[in-house]
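Listed here are the chains, written in short residue letters.
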Amino acid sequence: GERVVVVCGCGGSSGATTVALVLATAAGRARVVETCAASSSGLPYAADVELGETNSGWLRGARDDVVIERRLDPISSPDRLPPPAPGDVPVTIIDSSWDLDAVLASAGWLGDLARSAPKVVLVSRATIPGLRRLETAVELVGEARAVAVTVGAKRWPRPVEQSAGAAVRRLATRERVVHVP
């Protein structure tokens, strides 16, 4: 009965971890599972309380009603990522910072989830290169499943808006782009 939301960054430092944490906080009782390698983690300081390591090697922390799980060991690819234990919360946000094409091609649980999730949240910076990466990500995931979040502006500056590809423009027209300043 647990709802799962997949959040994927469209490049380094796109804000995917922050968006995942905000979504979990807005959901109330939820958890964020950060799937990146320990050296790339955006969550080491997000927890107010550290709860220790689980039997499956995930480090757990908490921030208000949000459980935060992340890996401590180096993970070389999404295929090698061990699955987290089932959650005891109504909503789990999966924060994937791996390259989206690598995740979609992987044989592991994260690849299965990214290929089968009804919606995938794609996070990008509100820049020309960011929107170009977002366009590629929308094409990889499929427009029907994509929801975009652009970080850095209440609305796109004109040159950024003009750089948007056809798929991103269609998402914007369908009100499936959220702007986060």
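Going by the structure above, here's the rest.
What counts and how
- Residues numbered from 1 in each chain as written.
- Predicted model: local features only at pLDDT ≥ 70, side-chain atom pairs only at ≥ 80, totals over all residues.
- Heavy atoms only, no water.
- Helix = DSSP H or I, 4+ residues; strand = E, 2+ residues; numbered from the N terminus.
- Rg over C-alpha atoms; globule rule 2.2 N^0.38 Å.
- Buried < 20%, exposed > 50% of the residue type's maximum accessible area, 1.4 Å probe, protein only.
- Contact = heavy atoms within 4.5 Å.
- Areas by Shrake-Rupley, 256 points an atom, 1.4 Å probe, with all protein chains shown as cover.
- Lys, Arg positive; Asp, Glu negative; His and termini not counted.
- Charge placed at Lys NZ, Arg CZ, Asp CG, Glu CD.
- Expected span 1.5 Å × (residues − 1).
- Polar contact = N/O pair within 3.5 Å; in protein donor to acceptor, adjacent residues only side chain to side chain.
- Disulfide = S-S within 2.5 Å.
- Axes fitted to C-alpha atoms, helices over the stretch in contact; angles between N-to-C directions.
- Parallel < 35°, antiparallel > 145°, perpendicular 65-115°, else oblique.
- Nonpolar A, V, L, I, M, F, W, Y, C, P; charged D, E, K, R; others polar.
- Core = buried A, V, L, I, M, F, W, Y, C linked by side-chain atoms within 4.5 Å.
- Salt bridge = Lys/Arg side-chain N within 4 Å of Asp/Glu carboxyl O.

Quick look at the overall build of the protein
From N to C terminus, the protein includes six helices and nine strands. In terms of overall size, the protein behaves like a compact globule, its C-alpha atoms giving a radius of gyration of 16 Å where 181 residues would be expected to give roughly 16 Å. If you line up the protein on its principal axes, its C-alpha atoms span 50 × 35 × 30 Å. Buried positions account for 49% of the 181 residues belonging to the protein. For the protein, the proportion of contacts with a sequence separation of at least 24, taken over those separated by at least 6, is 68%. With an accessible surface of roughly 9000 Å², the protein has 53% of that area assigned to carbon and sulfur atoms. When the 21 basic and 20 acidic side-chain charges of the protein are each reduced to a single mean position, those positions are 8 Å apart.

As for helix α4 (residues 128-141)
Each turn of an α-helix holds 3.6 residues, which means side chains three or four residues apart point in the same direction. In this model, α4 (14 residues) spans 20 Å end to end at C-alpha, consistent with the 20 Å of a helix rising 1.5 Å per residue. Residues G130, L131, L134, E135, A137, V138 and V141 constitute the buried set of α4. On the buried face of α4, the contacting elements are α2 (100-105), β7 (120-125), β8 (146-151), α5 (158-163) and α6 (166-173). Where α4 begins, one side-chain oxygen reaches toward the backbone nitrogen of G130, 2.9 Å away; that side chain belongs to T127. Taken from the residues just after α4, G142 is the one with a positive phi, measuring 100°.

Overview of the state of the cysteines
In the structure shown here, the tally under the stated rule is zero disulfides. There is no disulfide at C10, and the cysteine sulfur nearest it, in C8, is 7.7 Å away. You can call C10 buried: its relative accessible area is 9%. Distance from the sulfur of C36, which forms no disulfide, to the nearest cysteine sulfur (C8) is 12 Å.

Focus on the environment of S14
Relative to the helices and strands, S14 resides in the loop between β1 (3-9) and α1 (16-27). Beyond its immediate chain neighbours, meaning those up to four positions away, S14 contacts G9, V123, S124, R125 and V151. A polar side-chain atom of S14 sits 3.3 Å from the main-chain carbonyl oxygen of G11. Of note is the side chain of S14, whose polar atom sits 3.5 Å from the backbone oxygen of V123.

Here's the deal with the packing of α4 against α6
As a packed pair, α4 and α6 sit with axes 8 Å apart at the nearest point and diverge in direction by 85°. By the criterion of interaxial angle, the relationship of α4 to α6 is roughly perpendicular. Contact residues: α4 offers L131, L134, E135 and V138, while α6 offers A166, A167, V168 and L171. Class assignment for the residues of the contact of α4 with α6 results in seven nonpolar, no polar and one charged.

Observations regarding the nonpolar core
It is characteristic of soluble globular proteins that their nonpolar side chains tend to be buried jointly. Within the largest apolar cluster, 34 residues are counted, with the highest numbers of intra-cluster contacts made by L100, L110, V120, L122, L134, V138 and W156. When contributions to this core are tallied by element, the ones reaching two or more residues are β1, α2, α3 (109-116), β7, α4, β8 and α6. Residue contributions to this core peak at five residues, all from α4. Setting aside anything within four residues of it in sequence, one finds L110 in contact with T35, P78, L81, I94, S96, W98 and V103.

Quick notes on the pattern of salt bridges
Side-chain pairs of opposite charge can arise whenever the charged atoms involved come near each other. What the rule picks out here adds up to eight salt bridges. A salt bridge links R31 to E69; the shortest N-O distance between them is 3.2 Å. On the criterion of sequence distance, the pair formed by R31 in strand β2 (residues 30-34) and E69 in strand β5 (residues 66-71) is long-range, its members being 38 residues apart. In this pair, the class of R31 matches that of E69, namely buried. In this structure, R115 and D112 form a salt bridge, with 2.6 Å as the shortest nitrogen-oxygen distance. Taken together, the positions of R115 and D112, both in helix α3 and three residues apart, correspond to about one turn of that helix.

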